[in-house]
Amino acid sequence: MAIIIEGAKLIDGTGQIIEDASIAIKGNRISVVQSGHSIPHTDDDFLIEASGRIVMPGLIDLHVHPSGLDVKASSAYLALRFARNVKAMLDGGVTTVRICGTPDLIDFEVRKAAYAGLVESPRMFTCGKGLCITGGHLASLGIGIEVDSTDSYRKAARTLIKNGVDFIKLSSDSLTKYARPTVEEMKAAINEAHLANKTVATHAGSPQAIMDAIEAGTDTIEHGFLIAEEPDQVLDVMVKKNIYYVPTLYVRRWNVRKDNRYSDEILQQVKHGLEEHPKSFRLAVDAGVKIAMGSDEGGIQGSPYGENAYELELMVANGMSENDAIIASTKTAAEALRMGGILGSIEEGKLADLLVLDADPLKDIRSLQSRELLHAVIRNGSIASGTVLSENS
Ligand SMILES: [Zn+2]
């Protein structure tokens, strides 16, 4: 049985748009992409009549924390919440997530459960916990391993790789303002990651933290709140070294006043970062930095789940075109995962992760946030969610 989608407007993720396209999916791959209605099919095939509908690649969110950050909750509770939240993301059109820090190896366990068919989820790329200095904020949030010295960074990275991580998460600054890892410490972990063919994502807010992480060899910069303080130097290096910027504009939902885990001084610092954040993003767009979508959903206390597509609304509100926001959330995000050969666009031979929509996100990017307008979420060649399921049941 194949899935045949006929007569759609295709936004293929590479920037190309084809009016009246047809797509065939066989197994977990896209087997045909062509213009016109002429794909032959049999009664066994599942036909999606898509005239007036839009097809685009499934969203890829490079920065989520599906367990939430809650140091008081038990592992069992966090695992259940994780499973519920990855399903919410899938229902919201996200077919791949990179999970940027989870307590207690829960991400590995839920990934196992997903492979066994116990949990429905997007494709998951996991890192276990991130590495940070003693007193670093990742550790205080329950998602960090405290390490100091190059030897312990190296050892911790090797242990994570032994445990089966897909990438390594680092933090090159911390909410304590003063203490940061050295370039040499980060380099020790990053070298191990690269030797094992893993990428490295580094939380970095300030210009110095970003520059240090890049000098140490990171592949992506997460957040970049304060790029606007020294944009010329930072953006120049990001462009020259092909660093992916994962902006996480969604963290503006953080209600600075209501979070009582931090001192007044740190809250002021956070507030300042959030104020500079949209400006930093705009400057990065203008400079031509490679931007890949990441929302940081779950990284903010009390934030909802499955609203990842809100990040695209913020990207467009802050200076990106609708099509560029979609490319950042599909093709470029796949490239940042080093999965550009099989994920992130609708092309023959690629894995079949795609969305069939009842409204055009190029006209209104906010339509991606509506469950009613999400006709089908196809992940790995199967219909995983969408209104098409209730119509056919
Ligand atoms: Zn995060």
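Only a predicted model underlies this, so the values are computations on that prediction, with no experimental measurement involved.

### Remarks on the overall build of the protein
Step number 1: Along the backbone of the protein there are 12 helices and 18 strands.
Step number 2: At 21 Å, the protein has a C-alpha radius of gyration in line with the 21 Å of a compact globule built from 393 residues.
Step number 3: Taken along the three principal axes of its C-alpha coordinates, the protein extends 65 × 45 × 40 Å.
Step number 4: Residues counted as buried form 54% of the 393 residues belonging to the protein.
Step number 5: The long-range share in the protein, meaning contacts at least 24 apart out of those at least 6 apart in sequence, stands at 70%.

### Digging into the pairing of strand β18 (residues 382-385)
Step number 1: Summarising the sheet, strand β17 (residues 374-379) and β18 pair through three bridges and their orientation is antiparallel. Bridge pairing links Val-377 to Ser-385 in β18.

### Things to note about the domain arrangement of the protein
Step number 1: When its domains are assigned, the protein resolves into domain 1 (2-57 + 345-391) and domain 2 (59-336).
Step number 2: Inter-centroid distance (C-alpha atoms) of domain 1 to domain 2 is 29 Å.
Step number 3: With 21 residues of domain 1 at the contact, the number on the domain 2 side is 20 residues.
Step number 4: For the side of domain 1 that touches domain 2, the secondary structure elements donating two or more residues are β5 (54-57), β17 and β18.
Step number 5: With three residues, the single largest contributor to the side of domain 1 that touches domain 2 is β17.
Step number 6: Classifying every residue of the side of domain 1 that touches domain 2 gives 11 nonpolar, six polar and four charged.

### Let's talk about the environment of Asn-191
Step number 1: For Asn-191, the position within the fold is in helix α5 (residues 183-195).
Step number 2: Judged by local crowding, Asn-191 falls into the partly exposed class, with 17 C-beta atoms found within 10 Å.
Step number 3: Each C-alpha atom of the pair Asn-191 and Gly-217 lies 7.9 Å from the other, and the pair is 26 residues apart in sequence.

### Things to note about the pairing of strand β6 (residues 59-64)
Step number 1: Burial within β6 is extensive, with six of its six residues counted as buried.
Step number 2: In this fold, the crossover linking β6 to strand β7 (residues 94-99) by way of helix α1 (residues 75-91) has right-handed handedness.

### Section: the sheet that holds β6
Step number 1: Pairing is parallel across the open sheet formed by three strands, whose spatial order is β6-β7-β8. Each of the sheet's edge strands pairs with one partner strand only, and the pair in question is β6 and β8 (123-126). Averaged over all pairs of adjacent strands, the angle between their axes in this sheet comes to 15 degrees, without regard to strand direction.
Step number 2: Across four bridges, β6 lies against β7 in parallel orientation. Bridge pairing in β7 links Ile-60 to Thr-96.
Step number 3: The strands touched by α1 within the sheet are β6, β7 and β8, with β7 carrying the most contacts at an inclination of about 140 degrees.
Step number 4: Most of the contacts of helix α2 (residues 106-115) go to β8, to which it runs at about 155 degrees, and overall it touches β7 and β8.

### Let's talk about unusual backbone geometry
Step number 1: The phi angle at Asn-197 is positive, at roughly 65 degrees, despite the residue not being glycine.
Step number 2: Among the secondary structure elements, Asn-197 is positioned in the loop between α5 and β12 (199-204).
Step number 3: Even without glycine at this site, Arg-338 takes up a positive phi of about 60 degrees.
Step number 4: Within the fold, Arg-338 resides in the loop between α11 (331-336) and β16 (354-357).

### A few points about the nonpolar core
Step number 1: Counting 122 residues, the largest nonpolar core has Val-55, Ile-168 and Ala-189 as its most contacted members.
Step number 2: The element that contributes the greatest number of residues to this core is α1, accounting for seven residues.
Step number 3: Residue contacts for Ile-168: discarding those within four places in its chain leaves Cys-127, Ala-157, Leu-160, Ala-189, Ala-193, Lys-198 and Val-200.

### Here we look at the packing of α1 against α2
Step number 1: Between α1 and α2, the least distance of the axes is 10 Å, while the angle of their chain directions is 55 degrees. With respect to each other, α1 and α2 are oriented oblique. Crossing handedness for the pair α1 and α2: right-handed. In this structure, α1 contributes Ser-75, Leu-78, Ala-79, Phe-82, Ala-83 and Val-86 to the contact, and α2 contributes Ile-106, Glu-109 and Val-110.
Step number 2: Looking at the contact of α1 with α2 residue by residue, the classes come out as seven nonpolar, one polar and one charged.

Procedures and definitions
Residues numbered from 1 in each chain as written. Predicted model: local features only at pLDDT ≥ 70, side-chain atom pairs only at ≥ 80, totals over all residues. Helix = DSSP H or I, 4+ residues; strand = E, 2+ residues; numbered from the N terminus. Rg over C-alpha atoms; globule rule 2.2 N^0.38 Å. Buried ≥ 20, exposed ≤ 12 C-beta atoms within 10 Å, placed from the backbone. Contact = placed C-beta atoms within 7 Å. Pairing = 2+ DSSP bridges. Domains from an automatic or database assignment. Nonpolar A, V, L, I, M, F, W, Y, C, P; charged D, E, K, R; others polar. Right-handed = clockwise from strand over helix to strand, strands pointing away. Axes fitted to C-alpha atoms, helices over the stretch in contact; angles between N-to-C directions. Core = buried A, V, L, I, M, F, W, Y, C linked by C-beta atoms within 7 Å. Parallel < 35°, antiparallel > 145°, perpendicular 65-115°, else oblique. Left-handed = near helix turned anticlockwise from the far one by under 90°.

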